[in-house]
Amino acid sequence: METPAEVRERWRYLRDLLIEQLSRFESGALHIHSNTENVSVAAIKTLKENIADFDDQISRSEARET
């Protein structure tokens, strides 16, 4: 089982990777092809909001640990 610190470390890596990919998609450097998934501007906005929400949850959890 992972420790809370290991979970945070893994999340930060995945978060940075996702943000980089979203930025590349928004700039046109990355093209996503899909028959069934929503890759619209609204979908990207939702992903970014979910990332921010999860970051906030981690911050609150870290504050409780100290």
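Before any of the text, the structure's been laid out above.
About the cut-offs
- Residues numbered from 1 in each chain as written.
- Predicted model: local features only at pLDDT ≥ 70, side-chain atom pairs only at ≥ 80, totals over all residues.
- Heavy atoms only, no water.
- Phe/Tyr/Trp six-rings, centres within 6.5 Å; stacked < 30°, edge-to-face > 60°.
- Helix = DSSP H or I, 4+ residues; strand = E, 2+ residues; numbered from the N terminus.
- Axes fitted to C-alpha atoms, helices over the stretch in contact; angles between N-to-C directions.
- Parallel < 35°, antiparallel > 145°, perpendicular 65-115°, else oblique.
- Left-handed = near helix turned anticlockwise from the far one by under 90°.
- Contact = heavy atoms within 4.5 Å.
- Nonpolar A, V, L, I, M, F, W, Y, C, P; charged D, E, K, R; others polar.
- Core = buried A, V, L, I, M, F, W, Y, C linked by side-chain atoms within 4.5 Å.
- Buried < 20%, exposed > 50% of the residue type's maximum accessible area, 1.4 Å probe, protein only.
- Salt bridge = Lys/Arg side-chain N within 4 Å of Asp/Glu carboxyl O.

Points about the packing of aromatic side chains
Alright, step 1. Going through the model one piece at a time under the given rule, you end up with one aromatic pair.
Alright, step 2. With a centroid separation of 4.6 Å and an interplanar angle of 70°, the aromatic rings of tryptophan 11 and phenylalanine 54 are classed as edge-to-face. One end of the pair, tryptophan 11, is in helix 1 (residues 4-27); the other, phenylalanine 54, is in helix 2 (residues 41-65), with 43 residues separating them in the sequence.

A closer look at the packing of helix 1 against helix 2
Alright, step 1. Their axes nearest at 11 Å, the elements helix 1 and helix 2 cross at an angle of 160°. Between helix 1 and helix 2, the crossing angle belongs to the class labelled roughly antiparallel. Crossing geometry of helix 1 relative to helix 2 is assigned as left-handed. Residues Pro4, Arg8, Trp11, Arg12, Arg15, Leu18, Ile19, Leu22, Phe25 and Glu26 of helix 1 pack against Ile44, Leu47, Lys48, Ile51, Phe54, Asp55, Ile58, Glu62 and Glu65 of helix 2.
Alright, step 2. Residue composition of the contact of helix 1 with helix 2, grouped by class: eleven nonpolar, no polar and eight charged.

With respect to the nonpolar core
Alright, step 1. Of all hydrophobic cores here, the largest spans six residues; its members are Trp11, Leu22, Phe25, Ile44, Ile51 and Ile58.
Alright, step 2. For this core, the elements supplying multiple residues, two or more each, are helix 1 and helix 2.

Digging into the side chain of arginine 8
Alright, step 1. Assignment of secondary structure puts arginine 8 in helix 1.
Alright, step 2. With a relative accessible area of 14%, arginine 8 lands in the buried category.

A word on the pattern of salt bridges
Alright, step 1. Under the defined criterion, the tally for this structure stands at six salt bridges.
Alright, step 2. Among the ionic pairs, glutamate 49 bridges to lysine 45, the shortest N-O distance being 3.4 Å. Taken together, the residues span about one helical turn, with glutamate 49 and lysine 45 both in helix 2 at a distance of four residues.
Alright, step 3. Put simply, Arg15, Asp16 and Asp55 are held in one network by salt bridges that share partners.

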